[in-house]
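# Remarks on the overall topology
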Amino acid sequence: MLLTKTLSNSGKLSLTYVQSHISVSIKTFSQCKHHLNTLRRFSCQSFQRKSGSLSSQRNSLGLCGALGAPAPCRKFSTNTVMAKSKFDYVRQFEIDDPCLPNCWIVIRIDGKGFHKFTEAHNYMKPNDERGLGLMSCAAQRVMNEFKEIVLAYGQSDEYSFVFHKNCQVFNRRASKIMTNVVSLFASSFTMYWPRYFNTQELQYPPAFDARVVLYPSDENLRDYLSWRQADCHINNLYNTCFWKLVQEKGLSPAQSEARLRGTLSSDKNELLFSEFNINYNNIPELYRKGSVLIRNKELNGPEKTMTSNNEDKTRYLKSEQKKALASCLVLHCDIIGKKFWEEYPYILSDK
(Lines give C-alpha, C1' and ligand atoms only; values in the text may rest on other atoms or scores of the structure.)
Protein backbone atom coordinates (compact mmCIF):
# COMPACT_ATOMS: atom_id res chain seq x y z
CA MET A 1 0.00 0.00 0.00
CA LEU A 2 3.01 2.21 0.60
CA LEU A 3 3.87 2.19 -3.10
CA THR A 4 0.41 3.40 -4.19
CA LYS A 5 0.42 6.56 -2.12
CA THR A 6 2.05 9.95 -2.71
CA LEU A 7 3.82 11.00 0.43
CA SER A 8 4.00 14.57 1.63
CA ASN A 9 7.18 16.62 1.99
CA SER A 10 6.70 17.01 5.76
CA GLY A 11 9.44 14.62 6.88
CA LYS A 12 8.21 11.64 4.84
CA LEU A 13 9.95 9.94 1.91
CA SER A 14 8.62 10.33 -1.58
CA LEU A 15 7.43 7.40 -3.64
CA THR A 16 10.37 7.82 -6.02
CA TYR A 17 12.88 7.67 -3.16
CA VAL A 18 11.37 4.46 -1.78
CA GLN A 19 11.28 2.81 -5.20
CA SER A 20 14.92 3.62 -5.84
CA HIS A 21 15.98 2.00 -2.56
CA ILE A 22 13.92 -1.09 -3.27
CA SER A 23 15.60 -1.38 -6.67
CA VAL A 24 19.04 -1.15 -5.06
CA SER A 25 18.10 -3.85 -2.53
CA ILE A 26 16.90 -6.19 -5.27
CA LYS A 27 20.12 -5.67 -7.20
CA THR A 28 22.21 -6.34 -4.10
CA PHE A 29 20.28 -9.51 -3.35
CA SER A 30 20.82 -10.73 -6.94
CA GLN A 31 24.56 -10.13 -6.61
CA CYS A 32 24.69 -12.03 -3.33
CA LYS A 33 22.80 -14.91 -4.87
CA HIS A 34 25.22 -14.94 -7.80
CA HIS A 35 28.22 -15.02 -5.44
CA LEU A 36 26.64 -17.82 -3.42
CA ASN A 37 26.10 -19.95 -6.54
CA THR A 38 29.68 -19.29 -7.60
CA LEU A 39 30.92 -20.43 -4.19
CA ARG A 40 28.86 -23.60 -4.40
CA ARG A 41 30.26 -24.47 -7.85
CA PHE A 42 33.76 -23.80 -6.62
CA SER A 43 33.23 -26.04 -3.60
CA CYS A 44 31.87 -28.91 -5.70
CA GLN A 45 34.77 -28.68 -8.14
CA SER A 46 37.28 -28.56 -5.31
CA PHE A 47 35.65 -31.53 -3.63
CA GLN A 48 36.59 -33.71 -6.61
CA ARG A 49 40.29 -32.84 -6.45
CA LYS A 50 42.98 -34.38 -4.28
CA SER A 51 42.48 -33.98 -0.59
CA GLY A 52 45.69 -31.95 -0.27
CA SER A 53 44.53 -29.16 -2.57
CA LEU A 54 41.02 -29.43 -1.16
CA SER A 55 42.34 -28.88 2.34
CA SER A 56 44.29 -25.76 1.40
CA GLN A 57 41.37 -24.24 -0.53
CA ARG A 58 39.01 -25.04 2.29
CA ASN A 59 41.27 -23.40 4.81
CA SER A 60 41.74 -20.28 2.67
CA LEU A 61 37.96 -19.86 2.38
CA GLY A 62 37.39 -20.53 6.06
CA LEU A 63 35.25 -23.56 5.28
CA CYS A 64 37.00 -26.01 7.61
CA GLY A 65 34.58 -28.71 8.65
CA ALA A 66 31.78 -27.37 6.46
CA LEU A 67 32.48 -29.63 3.52
CA GLY A 68 33.16 -32.83 5.45
CA ALA A 69 36.77 -33.11 4.28
CA PRO A 70 38.11 -36.53 3.24
CA ALA A 71 41.16 -38.24 4.73
CA PRO A 72 44.57 -36.98 3.49
CA CYS A 73 46.08 -38.37 0.29
CA ARG A 74 42.83 -39.88 -0.92
CA LYS A 75 41.20 -39.28 -4.32
CA PHE A 76 37.48 -38.80 -4.68
CA SER A 77 35.04 -38.90 -7.55
CA THR A 78 31.51 -37.59 -7.80
CA ASN A 79 30.26 -41.11 -6.98
CA THR A 80 32.27 -41.40 -3.75
CA VAL A 81 30.05 -41.93 -0.72
CA MET A 82 31.20 -40.07 2.38
CA ALA A 83 30.88 -41.30 5.99
CA LYS A 84 27.66 -43.32 5.90
CA SER A 85 26.01 -44.98 2.95
CA LYS A 86 22.93 -46.99 2.12
CA PHE A 87 25.02 -50.14 2.60
CA ASP A 88 25.72 -49.49 6.28
CA TYR A 89 22.74 -51.59 7.31
CA VAL A 90 24.77 -54.79 6.75
CA ARG A 91 26.62 -54.10 9.99
CA GLN A 92 23.42 -55.02 11.79
CA PHE A 93 24.15 -58.65 10.87
CA GLU A 94 27.34 -58.64 12.94
CA ILE A 95 26.93 -60.23 16.34
CA ASP A 96 28.78 -58.99 19.40
CA ASP A 97 30.19 -61.88 21.41
CA PRO A 98 31.66 -60.47 24.63
CA CYS A 99 32.88 -62.95 27.21
CA LEU A 100 31.18 -62.81 30.59
CA PRO A 101 32.94 -60.53 33.08
CA ASN A 102 34.99 -61.87 35.96
CA CYS A 103 35.55 -65.22 34.22
CA TRP A 104 38.79 -66.88 33.24
CA ILE A 105 39.06 -67.00 29.44
CA VAL A 106 40.67 -70.14 28.05
CA ILE A 107 41.60 -70.42 24.38
CA ARG A 108 42.39 -74.00 23.46
CA ILE A 109 43.94 -74.69 20.08
CA ASP A 110 44.27 -78.12 18.57
CA GLY A 111 46.07 -79.41 15.50
CA LYS A 112 43.78 -80.24 12.60
CA GLY A 113 44.51 -83.68 11.14
CA PHE A 114 47.86 -83.89 12.92
CA HIS A 115 47.94 -87.69 12.69
CA LYS A 116 48.37 -87.28 8.95
CA PHE A 117 50.67 -84.28 9.44
CA THR A 118 53.08 -86.17 11.74
CA GLU A 119 53.29 -89.09 9.32
CA ALA A 120 53.99 -86.82 6.36
CA HIS A 121 56.79 -85.09 8.26
CA ASN A 122 58.37 -88.20 9.81
CA TYR A 123 57.66 -87.48 13.46
CA MET A 124 59.26 -89.96 15.82
CA LYS A 125 56.81 -92.20 17.71
CA PRO A 126 55.43 -92.17 20.35
CA ASN A 127 56.84 -88.69 21.11
CA ASP A 128 58.88 -86.30 19.02
CA GLU A 129 60.84 -83.86 21.15
CA ARG A 130 61.33 -81.56 18.16
CA GLY A 131 57.60 -81.23 17.59
CA LEU A 132 56.84 -80.63 21.26
CA GLY A 133 59.61 -78.02 21.43
CA LEU A 134 58.20 -76.25 18.39
CA MET A 135 54.73 -76.17 19.93
CA SER A 136 56.11 -74.58 23.11
CA CYS A 137 58.12 -72.06 21.09
CA ALA A 138 54.99 -70.96 19.22
CA ALA A 139 53.12 -70.76 22.54
CA GLN A 140 55.84 -68.54 24.00
CA ARG A 141 55.46 -66.23 21.02
CA VAL A 142 51.73 -65.96 21.75
CA MET A 143 52.37 -65.24 25.44
CA ASN A 144 54.89 -62.55 24.52
CA GLU A 145 52.27 -60.86 22.34
CA PHE A 146 49.38 -61.09 24.82
CA LYS A 147 50.47 -59.92 28.25
CA GLU A 148 47.04 -60.81 29.64
CA ILE A 149 47.87 -64.54 29.40
CA VAL A 150 48.88 -65.79 32.84
CA LEU A 151 49.48 -69.44 31.99
CA ALA A 152 49.59 -71.82 29.05
CA TYR A 153 49.47 -75.60 29.09
CA GLY A 154 50.38 -77.84 26.17
CA GLN A 155 50.55 -81.52 25.35
CA SER A 156 50.72 -83.42 22.08
CA ASP A 157 49.24 -81.13 19.36
CA GLU A 158 47.22 -78.85 21.63
CA TYR A 159 47.79 -75.76 23.78
CA SER A 160 45.52 -73.93 26.22
CA PHE A 161 46.03 -70.23 26.92
CA VAL A 162 44.54 -68.77 30.10
CA PHE A 163 43.64 -65.07 30.02
CA HIS A 164 43.20 -63.36 33.36
CA LYS A 165 39.60 -63.05 34.49
CA ASN A 166 39.88 -59.24 34.61
CA CYS A 167 41.53 -58.75 31.22
CA GLN A 168 39.98 -56.34 28.72
CA VAL A 169 41.84 -57.39 25.58
CA PHE A 170 39.70 -56.67 22.48
CA ASN A 171 36.90 -55.68 24.88
CA ARG A 172 36.69 -59.38 25.78
CA ARG A 173 35.24 -60.25 22.36
CA ALA A 174 35.51 -64.02 22.07
CA SER A 175 35.95 -64.20 18.30
CA LYS A 176 38.65 -61.50 18.26
CA ILE A 177 40.67 -63.13 21.03
CA MET A 178 40.35 -66.62 19.59
CA THR A 179 41.23 -65.74 15.99
CA ASN A 180 44.22 -63.61 16.98
CA VAL A 181 45.64 -66.33 19.21
CA VAL A 182 45.21 -69.22 16.78
CA SER A 183 46.47 -67.28 13.76
CA LEU A 184 49.58 -66.08 15.62
CA PHE A 185 50.25 -69.60 16.91
CA ALA A 186 49.93 -71.14 13.44
CA SER A 187 52.17 -68.53 11.79
CA SER A 188 54.76 -68.89 14.57
CA PHE A 189 54.68 -72.68 14.21
CA THR A 190 55.48 -72.29 10.52
CA MET A 191 58.08 -69.56 11.05
CA TYR A 192 60.08 -71.48 13.68
CA TRP A 193 59.80 -74.84 11.91
CA PRO A 194 63.38 -74.76 10.46
CA ARG A 195 64.81 -74.10 13.93
CA TYR A 196 63.57 -77.51 15.15
CA PHE A 197 63.40 -79.64 12.01
CA ASN A 198 66.49 -78.34 10.19
CA THR A 199 66.45 -79.67 6.62
CA GLN A 200 63.01 -81.28 6.93
CA GLU A 201 60.81 -79.05 4.78
CA LEU A 202 57.14 -78.47 5.36
CA GLN A 203 55.14 -80.58 2.93
CA TYR A 204 52.00 -78.49 3.41
CA PRO A 205 50.79 -75.76 5.79
CA PRO A 206 49.66 -76.92 9.24
CA ALA A 207 46.22 -75.93 10.47
CA PHE A 208 44.80 -75.45 13.96
CA ASP A 209 41.27 -75.06 15.24
CA ALA A 210 40.37 -73.11 18.36
CA ARG A 211 37.59 -72.65 20.90
CA VAL A 212 36.77 -70.27 23.74
CA VAL A 213 35.76 -71.60 27.16
CA LEU A 214 34.89 -69.51 30.23
CA TYR A 215 35.44 -70.62 33.82
CA PRO A 216 33.80 -68.54 36.57
CA SER A 217 35.94 -69.69 39.51
CA ASP A 218 39.55 -70.52 40.31
CA GLU A 219 38.50 -74.05 41.17
CA ASN A 220 36.86 -74.51 37.76
CA LEU A 221 40.02 -73.31 36.05
CA ARG A 222 42.25 -75.63 38.05
CA ASP A 223 39.95 -78.57 37.33
CA TYR A 224 40.14 -77.76 33.61
CA LEU A 225 43.95 -77.77 33.66
CA SER A 226 43.93 -80.96 35.72
CA TRP A 227 41.66 -82.54 33.12
CA ARG A 228 44.08 -81.68 30.32
CA GLN A 229 47.09 -83.00 32.24
CA ALA A 230 45.26 -86.22 33.11
CA ASP A 231 44.45 -86.56 29.40
CA CYS A 232 48.17 -86.14 28.64
CA HIS A 233 49.05 -89.00 31.02
CA ILE A 234 46.36 -91.34 29.69
CA ASN A 235 47.28 -90.76 26.03
CA ASN A 236 51.01 -91.01 26.60
CA LEU A 237 50.74 -94.25 28.55
CA TYR A 238 48.64 -95.79 25.80
CA ASN A 239 50.87 -94.53 22.99
CA THR A 240 54.03 -95.70 24.73
CA CYS A 241 52.64 -99.23 25.00
CA PHE A 242 51.17 -99.16 21.50
CA TRP A 243 54.40 -98.15 19.74
CA LYS A 244 56.56 -100.47 21.82
CA LEU A 245 54.44 -103.36 20.64
CA VAL A 246 54.72 -102.18 17.03
CA GLN A 247 58.40 -101.23 16.99
CA GLU A 248 59.91 -103.92 19.21
CA LYS A 249 57.43 -106.80 19.15
CA GLY A 250 56.63 -106.52 15.46
CA LEU A 251 52.86 -106.30 15.92
CA SER A 252 50.76 -104.50 13.38
CA PRO A 253 48.85 -101.39 14.48
CA ALA A 254 45.62 -103.40 14.47
CA GLN A 255 47.18 -106.16 16.58
CA SER A 256 48.59 -103.64 19.07
CA GLU A 257 45.20 -101.97 19.38
CA ALA A 258 43.56 -105.34 20.02
CA ARG A 259 46.21 -106.20 22.61
CA LEU A 260 45.56 -102.99 24.58
CA ARG A 261 41.78 -102.97 24.25
CA GLY A 262 40.10 -103.00 27.65
CA THR A 263 43.32 -102.69 29.67
CA LEU A 264 43.66 -100.43 32.71
CA SER A 265 46.54 -98.13 33.60
CA SER A 266 47.94 -100.77 35.93
CA ASP A 267 47.86 -103.31 33.11
CA LYS A 268 49.79 -101.01 30.81
CA ASN A 269 52.37 -100.22 33.47
CA GLU A 270 52.84 -103.96 34.03
CA LEU A 271 53.19 -104.56 30.29
CA LEU A 272 55.95 -101.95 29.98
CA PHE A 273 57.84 -103.27 32.98
CA SER A 274 57.52 -107.01 32.30
CA GLU A 275 58.02 -107.03 28.53
CA PHE A 276 60.22 -103.97 27.94
CA ASN A 277 61.84 -103.40 31.36
CA ILE A 278 60.50 -99.82 31.42
CA ASN A 279 59.36 -98.06 34.56
CA TYR A 280 56.80 -95.58 33.31
CA ASN A 281 57.69 -93.12 36.09
CA ASN A 282 61.20 -92.85 34.62
CA ILE A 283 59.93 -91.59 31.26
CA PRO A 284 60.71 -87.85 30.86
CA GLU A 285 58.13 -85.60 32.47
CA LEU A 286 57.85 -83.68 29.20
CA TYR A 287 55.98 -86.68 27.80
CA ARG A 288 54.10 -87.66 30.97
CA LYS A 289 53.02 -84.24 32.26
CA GLY A 290 53.17 -81.90 29.25
CA SER A 291 54.48 -78.33 29.28
CA VAL A 292 53.42 -75.51 31.59
CA LEU A 293 54.29 -71.95 30.57
CA ILE A 294 54.20 -69.19 33.16
CA ARG A 295 55.72 -65.72 33.30
CA ASN A 296 59.15 -65.24 34.81
CA LYS A 297 58.55 -62.41 37.26
CA GLU A 298 62.29 -61.80 37.72
CA LEU A 299 62.68 -60.74 34.08
CA ASN A 300 59.70 -58.40 33.95
CA GLY A 301 61.68 -55.21 34.55
CA PRO A 302 61.48 -51.75 32.95
CA GLU A 303 61.86 -51.56 29.20
CA LYS A 304 65.12 -50.37 27.69
CA THR A 305 65.48 -47.56 25.17
CA MET A 306 66.73 -48.50 21.73
CA THR A 307 69.76 -46.56 20.47
CA SER A 308 70.03 -44.92 17.06
CA ASN A 309 73.11 -46.84 15.94
CA ASN A 310 72.18 -49.62 13.48
CA GLU A 311 74.60 -52.12 14.94
CA ASP A 312 73.39 -51.44 18.47
CA LYS A 313 69.81 -51.60 17.23
CA THR A 314 70.36 -55.07 15.74
CA ARG A 315 72.03 -56.26 18.92
CA TYR A 316 69.20 -54.81 20.96
CA LEU A 317 66.50 -56.54 18.89
CA LYS A 318 68.27 -59.89 19.19
CA SER A 319 68.65 -59.52 22.93
CA GLU A 320 65.00 -58.52 23.26
CA GLN A 321 63.95 -61.56 21.24
CA LYS A 322 65.94 -63.84 23.52
CA LYS A 323 64.54 -62.04 26.54
CA ALA A 324 61.01 -62.48 25.23
CA LEU A 325 61.51 -66.23 24.97
CA ALA A 326 63.23 -66.33 28.36
CA SER A 327 60.46 -64.27 29.97
CA CYS A 328 58.38 -67.48 30.04
CA LEU A 329 59.28 -70.36 32.29
CA VAL A 330 58.71 -73.74 30.63
CA LEU A 331 57.97 -76.30 33.31
CA HIS A 332 57.19 -80.00 33.15
CA CYS A 333 55.52 -80.58 36.47
CA ASP A 334 52.35 -81.66 38.18
CA ILE A 335 49.58 -79.04 38.21
CA ILE A 336 46.87 -81.26 39.61
CA GLY A 337 48.06 -81.07 43.21
CA LYS A 338 48.38 -78.00 45.43
CA LYS A 339 52.18 -77.65 45.36
CA PHE A 340 52.37 -75.86 42.01
CA TRP A 341 49.73 -73.30 42.95
CA GLU A 342 51.37 -72.63 46.29
CA GLU A 343 54.74 -71.98 44.62
CA TYR A 344 53.24 -69.59 42.04
CA PRO A 345 50.34 -67.86 43.81
CA TYR A 346 50.55 -64.79 41.54
CA ILE A 347 49.02 -66.75 38.65
CA LEU A 348 45.55 -66.64 40.17
CA SER A 349 45.95 -63.36 42.02
CA ASP A 350 43.77 -60.33 41.28
CA LYS A 351 45.13 -57.58 39.06
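In this convention, every chain numbers its residues from 1, walking through the sequence in written order. At least 70 in pLDDT is required for a residue's local features to be given in this predicted model, at least 80 for side-chain atom pairs to be given and counted, and no such filter applies to totals for whole chains, interfaces and linings, which use all residues. Only hydrogens and water are removed before side-chain values are computed, so all heavy atoms of the structure are retained for them.

### Here's the deal with the layout of surface pockets
Buried and open spaces are told apart on a 1 Å grid over the protein atoms alone, a cavity being a set of points where a 1.4 Å probe fits but cannot get out and a pocket being an open set with protein on both sides within 12 Å along at least five of seven lines. Residues with an atom within 4 Å of a point are the lining residues. Grid points are joined across faces, edges and corners, and a volume is the space filled by probe spheres set on the points. Space inside the largest pocket adds up to approximately 690 Å³. What lines the largest pocket is a set of 29 residues, among which Thr118, Pro126, Ser156, Asp157 and Asn239 lie closest to the centre. For the purposes of this entry, the term helix denotes a DSSP run of H or I that reaches at least four residues, the term strand denotes a run of E that reaches at least two, and both are numbered from the N terminus. Where the lining of the largest pocket is concerned, the elements lending two or more residues are α3 (114-120), α4 (129-145), α7 (218-247) and α10 (285-289). Residue contributions to the lining of the largest pocket peak at nine residues, all from α7. Gly is put with the polar residues, along with every residue not named as nonpolar or charged; the nonpolar set is Ala, Val, Leu, Ile, Met, Phe, Trp, Tyr, Cys and Pro, and the charged set is Asp, Glu, Lys and Arg. Residue composition of the lining of the largest pocket, grouped by class: twelve nonpolar, ten polar and seven charged.

### Some points on the nonpolar core
Within the largest apolar cluster, 36 residues are counted, with the highest numbers of intra-cluster contacts made by Tyr159, Phe161, Phe163, Phe185 and Phe189. Of all the elements in the fold, those that place two or more residues in this core are β1 (104-111), α3, α4, β2 (149-155), β3 (158-163), α5 (174-191) and α6 (193-197). Top contributing element to this core by residue count: α5, with eight residues. Sequence-distant contacts of Phe163, that is, excluding residues within four places in its chain, are made with Trp104, Ile105, Ile107, Phe146, Glu148, Ile149, Val169, Ile177 and Val181. Formed by 20 residues, the second largest nonpolar core is a distinct cluster that contains Val106, Val150, Leu221 and Tyr344. To form a nonpolar core, buried Ala, Val, Leu, Ile, Met, Phe, Trp, Tyr and Cys residues must be joined to one another through side-chain atoms within 4.5 Å. Only protein chains enter the accessibility calculation, which uses a 1.4 Å probe; a residue is then buried when its area is under 20% of its type maximum, exposed when over 50%, and partly exposed in between. The contact criterion used is simple: two residues touch if any of their non-hydrogen atoms lie within 4.5 Å.

### Observations concerning the packing of α4 against α5
In this description, a line fitted to the C-alpha atoms serves as the axis of each element, helices being fitted only across the stretch in contact, and the angle between N-to-C directions of two axes falls anywhere from 0 to 180 degrees. At a minimum axis distance of 9 Å, the contact between α4 and α5 shows a crossing angle of 135 degrees. It follows from the interaxial angle that α4 and α5 lie oblique. For the element pair α4 and α5, the recorded crossing hand is right-handed. Two secondary-structure elements touch here, α4 through Leu134, Met135, Ala138, Ala139, Arg141, Val142 and Glu145 and α5 through Val181, Leu184, Phe185, Ser188 and Phe189. Partitioned by chemical class, the residues of the contact of α4 with α5 number nine nonpolar, one polar and two charged. By the definition adopted for this analysis, an angle is roughly parallel if under 35 degrees, roughly antiparallel if over 145, roughly perpendicular if from 65 to 115, and oblique otherwise. Here a crossing is called left-handed whenever its near helix is offset anticlockwise from the far helix by less than a right angle, and right-handed whenever the offset is clockwise.

### Some remarks on the packing of α7 against helix α8 (residues 253-260)
Running from N to C, α7 and α8 cross one another at 130 degrees; their axes reach a closest spacing of 9 Å. Between α7 and α8, the crossing angle belongs to the class labelled oblique. Here α7 runs over α8; the crossing is right-handed. Contacts between α7 and α8 pair Tyr238, Cys241, Phe242, Leu245 and Val246 from the former with Pro253, Ser256, Glu257, Arg259 and Leu260 from the latter. When its residues are assigned to classes, the contact of α7 with α8 shows seven nonpolar, one polar and two charged.

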